Amino acid sequence: MPLALLALAVGAFGIGTTEFVMMGLLPEVADDLHISIPTAGHLVSAYALGVVIGAPLLAAVTARLPRRAVLIGLMALFVVGNALSALAPGYDWLLAARFLSGLPHGAFFGVGAVVATGLVAPERKARSVSLMFMGLTVANIAGVPVATLMGQHLGWRATFLGVGAIGVAAIVSLSLLIPRDHTHVPAGGLRGELAALRSLPVWLALATTVAGFGALFAAYSYITPMLTDAAGYADASVTLLLALFGVGATIGNLVGGRLADHSLRGTLFGGLIALAAVLGLFPLLMNAEWSAALAVALLGTAAFVTGSPLQLMVMEKASAAPSLASSANQAAFNLANAGGAWIGGLALAAGLGVTSPALAGAGLAVLGLAVAGAAYAVDRRRSAPRPGRKRLVATHVPEHAESVHG
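Keep in mind the model is a prediction, meaning the values are calculated, not measured.

(A) Representation of the overall build of the protein in the model. The number of helices and strands found in the protein is 18 helices and zero strands. Looking at the protein as a whole, 54% of its 406 residues qualify as buried. Residue pairs at least 24 apart in sequence account for 84% of intrachain contacts in the protein once pairs closer than 6 positions are excluded. Summed over all atoms, the accessible surface of the protein reaches about 17,100 Å², with 69% contributed by carbon and sulfur.

Written out as structure tokens, the structure is:
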């Protein structure tokens, strides 16, 4: 694998750290700015809103620019957003700065995935995407805990300065390691990128992302009360258990990337089935501490097995102009975050029990499997020879061959 993938992983590490660290700093931010914790929670939502809006918008605006320059520019915007967060004089300014920090998130992963797959041979595309995503999963193991401790001991502003420094390191890495000849200006421009979004297979792939990762966040958003109220863990143990989730996510991401290079759709189907099974077993696994810890690790593994296949599938369905569709998939991940948490909350509010969000997540995983099945049926129908037409035998690869892949 080329060393340039390391530069993309460094950027992903910084983005993953700033995305999740706010959840651990809410008490410190609330105390310092004299606001309630629920009000401070809006800072998490502001970042997610920035991702959803920024992913397709920035990918569209930069459609005619060289992708290497786009990645560096997006990371520069990331640094500015985190620096403004550290210097924010009050809550409203911090809210705006968090929104600004979220804008480059989706476009960076979207464009970065396109660049990553262009750096490797076709049979290693999924692994290249998984190595970039590894920066995001490792952030949950190391970046978020360290940044949280920094905020608790040095103040929350120091955390965002530290994350900004990671962004600067990413800019240097991108400048030195991303080769210019692999990041040419896309030929289709904005019109070609927008045309890719008119494809039914692209929208089915995006819907699979929303349902599949909605299943994860339906349960993960309420993992703390499950661990404390159902499994009997002390509050102080939850941070270590969440690191187990990060370990599982990293393993699942790497395994999913390797398997997807052999069978893209098979890996996706298998991952969604595994995710539905793990979530369905949550009420049983949460009855003991050891099995609850196992459940957390398995949840991360099963969910992130599907990460690289979903990203690559969207890119292949929009192969003529993949940057916008790839970035839109990142927006779909964040819609899954918000929608999954909402659906899990409905299960709790209905009085179905503390582990009921996991069962709601299992239902979403089954829904994702159904959408993936529908996408497969559409691909089969489109690739089948039409009645009345003779099939031609040729030595060249037909234009629709990419849609059959996986």
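Moving on, there is more to tell.
(B) Seen up close, a nonpolar patch on the surface. On the surface, a cluster of nonpolar side chains totalling about 370 Å² of accessible area is made up of Ile 141, Val 247, Ile 251, Val 255 and Leu 259. Top element by residues in the nonpolar patch is helix α11 (residues 238-260). It accounts for four residues. Summarising the element assignment, Ile 141 is placed in helix α6 (residues 125-154).

(C) Region of interest: the nonpolar core. If you look at the biggest cluster of nonpolar residues, it comprises 55 residues, and the most contacted ones within it are Leu 216, Phe 282 and Met 286. Discounting chain neighbours no more than four positions away, the residues touching Leu 216 are Phe 245, Leu 275, Leu 299, Ala 303 and Phe 304. Ranked by size, the runner-up nonpolar core spans 38 residues in total, among them Ala 4, Leu 103, Val 114 and Val 144.

(D) How the structure looks around the packing of helix α9 (residues 200-220) against helix α16 (residues 322-349). Two numbers describe how α9 lies on α16: the axes approach to 7 Å, and their chain directions differ by 40 degrees. Seen along the crossing, α9 lies across α16 with a hand that is right-handed. Contacts between α9 and α16 involve Val 202, Leu 206, Thr 209, Val 210, Phe 213, Gly 214, Phe 217 and Ala 218 from the former and Ala 325, Ala 328, Asn 329, Ala 332, Phe 333, Ala 336, Asn 337, Gly 340, Ala 341 and Gly 344 from the latter. Partitioned by chemical class, the residues of the contact of α9 with α16 number 12 nonpolar, six polar and no charged.

(E) Just the packing of α11 against helix α14 (residues 289-305), in detail. Where α11 meets α14, the axes come as close as 6 Å, and the angle between the chain directions of the two elements is 35 degrees. You can see that α11 and α14 cross each other, and the crossing is right-handed. For the pair α11 and α14, contact is made by Leu 241, Leu 244, Phe 245, Gly 248, Ala 249, Gly 252, Asn 253 and Gly 256 and by Ala 293, Val 296, Ala 297, Leu 299, Gly 300, Thr 301, Phe 304 and Val 305, respectively. For the contact of α11 with α14, the per-class residue count stands at 10 nonpolar, six polar and no charged.

(F) Region of the structure containing the packing of aromatic side chains. Counting across every chain of the model gives eight aromatic pairs. Ring geometry for Phe 108 against Phe 109: centres 6.2 Å apart, planes inclined by 85 degrees, an arrangement best described as edge-to-face. Comparing Phe 108 with Phe 109, the two get one shared label, buried. Members of the aromatic cluster, each reached through a chain of ring pairs, are Phe 213, Tyr 220, Phe 245, Phe 304 and Phe 333.

(G) Main features of the side chain of Thr 117. For Thr 117, the position within the fold is in helix α5 (residues 91-118). The residues contacting Thr 117, other than those within four sequence positions of it, are Lys 125, Ser 128, Val 129, Leu 312 and Met 315.

(H) Quick peek at the environment of Ala 362. Inspection of the secondary structure assignment puts Ala 362 in helix α17 (residues 356-383). Ala 362 gets classed as buried once you look at its relative accessible area, which sits at 11%. In sequence terms Ala 362 and Ala 219 are 143 residues apart; their C-alpha atoms lie 8.9 Å from each other. Ala 362 has contacts with Ala 276, Leu 279 and Gly 280, leaving out every residue within four places of it along the chain.

(I) Inspection of helix α3 (residues 42-61) at higher detail. Taking 1.5 Å of rise per residue, the 20 residues of α3 would be expected to cover 28 Å, and the 27 Å separating its terminal C-alpha atoms lies within 8% of that figure. Approximately 40 degrees is the largest bend angle found in α3, and it occurs at Gly 54, with the proline Pro 56 only one to four residues beyond. Those residues of α3 not exposed but buried are Leu 43, Ala 46, Tyr 47, Gly 50, Val 51, Gly 54, Ala 55, Leu 58, Ala 59 and Ala 60.

(J) Just the environment of Ala 360, in detail. With respect to the helices and strands, Ala 360 occurs in helix α17. Taking the C-alpha atoms as reference points, Ala 360 and Gly 214, separated by 146 residues in sequence, lie 9.7 Å from one another. Those residues within four positions of Ala 360 in sequence are excluded, and the remaining contacts are Ile 343 and Ala 347.

(K) Geometry of the confidence of the model for the protein. In this model, the protein carries an average pLDDT of 84, and 89% of its residues clear a pLDDT of 70 or more. For residues 391-406, every residue scores under 50 in pLDDT, and the model assigns this stretch 12 contacts once sequence neighbours within four places are set aside.

(L) Spatial organisation of the side chain of Thr 267. Summarising the element assignment, Thr 267 is placed in helix α12 (residues 264-280). Looking at Thr 267, its side chain comes within polar contact range of the main-chain oxygen of Leu 259, at 3.2 Å. Sequence-distant contacts of Thr 267, defined by excluding residues within four places in its chain, comprise Gly 256, Leu 259, Ala 260, Val 305 and Pro 309.

Calculation criteria
Residues numbered from 1 in each chain as written. Predicted model: local features only at pLDDT ≥ 70, side-chain atom pairs only at ≥ 80, totals over all residues. Heavy atoms only, no water. Helix = DSSP H or I, 4+ residues; strand = E, 2+ residues; numbered from the N terminus. Buried < 20%, exposed > 50% of the residue type's maximum accessible area, 1.4 Å probe, protein only. Contact = heavy atoms within 4.5 Å. Areas by Shrake-Rupley, 256 points an atom, 1.4 Å probe, with all protein chains shown as cover. Patch = residues over 30% accessible without salt bridge, like charges linked within 9 Å, V, L, I, M, F, W, Y side chains within 5 Å. Salt bridge = Lys/Arg side-chain N within 4 Å of Asp/Glu carboxyl O. Core = buried A, V, L, I, M, F, W, Y, C linked by side-chain atoms within 4.5 Å. Axes fitted to C-alpha atoms, helices over the stretch in contact; angles between N-to-C directions. Left-handed = near helix turned anticlockwise from the far one by under 90°. Nonpolar A, V, L, I, M, F, W, Y, C, P; charged D, E, K, R; others polar. Phe/Tyr/Trp six-rings, centres within 6.5 Å; stacked < 30°, edge-to-face > 60°. Expected span 1.5 Å × (residues − 1). Bend = angle between axes of the 7 residues up to and from the residue. pLDDT = per-residue confidence, 0-100. Polar contact = N/O pair within 3.5 Å; in protein donor to acceptor, adjacent residues only side chain to side chain.

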